[in-house]
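Below are the chains, spelled out letter by letter.
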Amino acid sequence: MTEMLPGRAVDPARFRRVLSAHAAGVVIVTGQTDGIPAGLTATSFSSVSLEPPLVCFYVDRNSTTWPRLREADQFAVNILAGDQAELAARFARPGADRFGEPTRWRPGPLGTPLLGDTAAHVLCTPHSSLDIGDHILVVGLVTDAFVYSLDHPLLYHRGRFGRFTPHG
Ligand SMILES: Cc1cc2nc3c(=O)[nH]c(=O)nc-3n(C[C@H](O)[C@H](O)[C@H](O)COP(=O)(O)O)c2cc1C
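It should be emphasised that the depicted structure is a prediction, and the values quoted were computed from it without experimental measurement.

**Looking at the pairing of strand 2 (residues 27-33)**
- With 6 of its 7 residues buried, strand 2 lies for the most part within the structure.
- Bridge analysis of strand 2 against strand 3 (residues 36-42) gives 7 bridges, and the strand direction is antiparallel. Bridge pairing links Gly-31 to Ala-38 in strand 3.
- Where strand 2 folds back on strand 3, the antiparallel hairpin that results is connected by 2 residues, among which Asp-34 adopts a positive phi of roughly 50°.

Structure below.
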């Protein structure tokens, strides 16, 4: 085992490598301002509180999508299904036409874009946000939520998309 120095930040390469051991579900956060849809792929989604119902994600301060999402009165967390790896990649690609063909989506309540064929939709109003390191912690109050499929979630692990295989 290498020497551990308490109180000092781990080196970035090792930090990234260790984080890659953590398998995560994949979401696309969407919102709309001035009639223009915006969205980005995230694995940092998490539940925060049950009463009140709160969820969160972290967005990179350098994101070009966040300034538009931030203006939306509501955002949707689209929880992706196992066959939506291409969609996840499209919503992570800078400059991609994310809502053009072949993306399937429809405007939901307040015009918030809802992506098609997802495992679930979680509708949120902005609750709070906090600058933290090089990211922004975004907390949403869940106003409505729908689940369509619990069977085959999309996962991200070691830089690759994959599916969950349950024991038994
Ligand atoms: C699997 C995966 C997970 C990601 N998770 C996050 C995340 O949690 N937060 C974030 O800010 N960016 C995350 N990204 C990167 C953004 O999707 C991407 O950098 C962003 O959409 C770039 O475009 P933008 O400038 O339009 O934001 C992730 C990318 C991938 C492929």
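**Some points on a nonpolar patch on the surface**
- A surface patch of nonpolar side chains, about 270 Å² in accessible area, is lined by Val-10, Phe-15 and Leu-19.
- Mapping Val-10 onto the fold places it in the segment before helix 1 (12-19).

**Remarks on the pattern of salt bridges**
- Under the counting rule described, the total for this entry stands at 3 salt bridges.
- One salt bridge in this structure joins Asp-131 and Arg-61, with 3.8 Å as the shortest N-O distance. Pair noted here: Asp-131 is in strand 9 (residues 120-132) and Arg-61 is in the loop between strand 5 (54-60) and helix 2 (66-69), with a separation of 70 residues, a long-range link.
- By relative accessible area, which is 44% here, Arg-61 ends up partly exposed.
- Two residues, Asp-117 and Arg-104, come together in a salt bridge whose shortest N-O distance is 3.0 Å. Of this pair, Asp-117 sits in the loop between strand 8 (113-115) and strand 9 while Arg-104 sits in the loop between helix 3 (85-90) and strand 7 (105-107), placing them 13 residues apart in sequence.

**Some details on the sheet that holds strand 3**
- Spatial strand order, 3-2-6-9-10-5-4: 7 strands in an open sheet with antiparallel pairing. The outermost strands of the open sheet, each flanked by one partner alone, are strand 3 and strand 4 (46-49). Direction aside, neighbouring strands of the sheet carry axes that sit 35° apart on average.

**As for the side chain of Arg-90**
- In this structure, Arg-90 sits in helix 3.
- Look past the residues within four positions of Arg-90 in its chain and what remains in contact with it is Ala-96, Asp-97, Arg-98, Pro-102 and Thr-103.

**Some thoughts on helix 1**
- A small share of helix 1 lies buried, amounting to 0 of its 8 residues.
- Sitting at the amino-terminal end of helix 1 is Asp-11, which places a side-chain oxygen 3.1 Å from the backbone nitrogen of Ala-13.

**Remarks on the site of the ligand**
- Taken together, 16 residues surround the ligand, and among them Ser-44, Asp-60, Ser-63, Thr-64 and Thr-65 come closest.
- In this structure, Ser-63 approaches the ligand through a side-chain N or O atom, which is 2.6 Å from an oxygen atom.
- Here Thr-65 contributes a side-chain N or O atom positioned 2.3 Å from an oxygen atom of the ligand.
- Protein contacts shield 79% of the accessible area of the ligand, which totals 630 Å² for the unbound molecule.
- Listing elements by their share of the shell around the ligand, those giving two or more residues are strand 3 and strand 5.

Basis of the calculations
- Residues numbered from 1 in each chain as written.
- Predicted model: local features only at pLDDT ≥ 70, side-chain atom pairs only at ≥ 80, totals over all residues.
- Heavy atoms only, no water.
- Buried < 20%, exposed > 50% of the residue type's maximum accessible area, 1.4 Å probe, protein only.
- Helix = DSSP H or I, 4+ residues; strand = E, 2+ residues; numbered from the N terminus.
- Pairing = 2+ DSSP bridges.
- Patch = residues over 30% accessible without salt bridge, like charges linked within 9 Å, V, L, I, M, F, W, Y side chains within 5 Å.
- Areas by Shrake-Rupley, 256 points an atom, 1.4 Å probe, with all protein chains shown as cover.
- Salt bridge = Lys/Arg side-chain N within 4 Å of Asp/Glu carboxyl O.
- Axes fitted to C-alpha atoms, helices over the stretch in contact; angles between N-to-C directions.
- Contact = heavy atoms within 4.5 Å.
- Polar contact = N/O pair within 3.5 Å; in protein donor to acceptor, adjacent residues only side chain to side chain.
- Near = heavy atom within 4 Å.

These figures come from the coordinates and say nothing about function on their own.
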